[in-house]
Amino acid sequence: MKHVQHTHPLPISPHIHAHLSKGRNLLAFSGGIDSSALFFVLMQHGITFDIVIVDYCVRPQSKDEVCYAKELATQYKKVCYTLIAEPITKDFECNARKIRYEFFHQLIIAHNYKNLITAHHFDDRLEWFLMQLSCGAGLNTLLGFSDITQRVIEQREYYLVRPFITYTKQEILDYNHVNKIQYFIDTSNTDTSYKRNFFRQHIAMPMSKHFASGIKKSFAFLEKEQLRLYPNVVVCMDHNLFICKTHGHEIHTIDMLTKRLGYIMSSKQKDELQDILIKQDSCVMGGKIVIAKNQSLVFVGLDSPWFLQCFIQAYLYNVRDHYVRFPCDMKSLYCLIKYNHEKPFIKIPKQDREKYRIQNIPPRIRPLLYINGLDIW
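Residues numbered from 1 in each chain as written. Predicted model: local features only at pLDDT ≥ 70, side-chain atom pairs only at ≥ 80, totals over all residues. Heavy atoms only, no water.

What follows concerns the sheet that holds strand S1 (residues 24-28). Within a sheet, adjacent strands bond to each other through the backbone by hydrogen bonds, running parallel or antiparallel. Taken together, six strands build an open sheet; the order of strands is S3-S2-S1-S4-S6-S5 and the sheet is mixed. Where the open sheet ends on each side, the last strands, each with one partner, are strand S3 (80-84) and strand S5 (148-153). Each adjacent strand pair in this sheet contributes to an overall mean axis angle of 25°, direction not counted. Sheet analysis places S1 next to strand S2 (residues 50-55), joined by three bridges and oriented parallel. Residue pairing across strands places Ala 28 opposite Val 52, the latter belonging to S2. Those strands touched by helix H3 (residues 62-75) are S2 and S3, and its axis lies near 170° from that of S2. (Pairing = 2+ DSSP bridges. Helix = DSSP H or I, 4+ residues; strand = E, 2+ residues; numbered from the N terminus. Axes fitted to C-alpha atoms, helices over the stretch in contact; angles between N-to-C directions. Contact = heavy atoms within 4.5 Å.)

Here you go:
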């Protein structure tokens, strides 16, 4: 394999470069047009990283793509993680993404990566925007495809970073051709029976070709409006519990936080939640997420009975939920658990119950708050 000469570089935004210069980086690699270009752009800018590739075994050339990834890793002294996926029999796009990100998350946790770098570009962002627009999404969802996005797995933060988000597909392709970078074409991307490919081929690509400059400016204006409408209201991130200020976009914040706890609310649940919050009441979503409110704060966390069930499974059988944070001293917590009709619970001491009452902590939040205050973490 020849060494690539970068005669026409693609700049990386200064704030992205600064972010990637701190902590370990993992590049999601496929051998396609975009990730192949990003591999060399990152090297050109002095960013250190390792690579990961998943083989779904549905195309003959996928083996060649994995070999290409390994060759690049060997030549440029990088670690290359590979996964041969189990056969996917239905809903390929959704299940492939699930397999891919579960593997990414395993690597992030095991090797302490801070950033997962993907080669998503401007055309992908436009495609996402249009797809969400067709589903009736709000501004924050429409702009959810951003350059740096904080994610949480097993209560550990990492960042999804997209250095190419301002570059069109054609600009990336031109970079590859000028620099003679090898890449593979995934022919399944032209199959318009997939919704994403339909939007890509018939709507996003023509718009990008003719109106990219103006659309980029619109995204910049919308991002400024997004910051005004959706300020950071989280005041505390405790173990399996988020505490936020009350504000005008509570449903959006709750939706964002329940996702961080591994639960996705339906549209019907969001509508019902509006009425519950008006009454400053509390509820449990899906038997696992407790949502409550007082005059000044909104609480989103794991419902204590469900958390304790997960904890017991983890302690006794080492069966862990990726979205649940477990204490370091698991034995001490296990010894405090009592049962009422076979349901686990923690008895809160009288002085703590009185403290929570004076602080107007919603009753359903108190058990988790008490567990978080124990010297076991």
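From this point, things continue past the structure.
A word on the pairing of strand S6 (residues 156-161). The pairing of strand S4 (residues 113-117) with S6 spans three bridges and is classified as parallel. The residue of S6 that forms the bridge with Ile 117 is Val 161. Bridge count between S5 and S6: six bridges; the pairing is antiparallel. Within S6, the residue paired with Val 152 across the bridge is Glu 157.

Non-glycine residue His 341 carries a positive phi angle of around 55°. Along the polypeptide, His 341 turns up in the loop between strand S12 (337-340) and strand S13 (343-346).

Scanning the entire structure with this criterion turns up 19 aromatic pairs. With a centroid separation of 4.6 Å and 25° between ring planes, the pair formed by Tyr 315 and Tyr 334 is classed as stacked. Linking Tyr 315 in helix H11 (residues 304-317) with Tyr 334 in helix H12 (residues 330-336), this pair joins segments that are 19 residues apart in sequence. Using a relative accessible area of 31% as the deciding quantity, one classes Tyr 315 as partly exposed. Residue class for Tyr 334 comes out partly exposed when judged on its relative accessible area of 28%. The structure contains a cluster of three or more aromatic residues connected by ring pairs, namely Phe 29, Phe 39, Phe 40, Phe 49, Tyr 68, Tyr 76 and Phe 184. (Phe/Tyr/Trp six-rings, centres within 6.5 Å; stacked < 30°, edge-to-face > 60°. Buried < 20%, exposed > 50% of the residue type's maximum accessible area, 1.4 Å probe, protein only.)

These results come straight from atomic positions and should not be treated as a statement about function.
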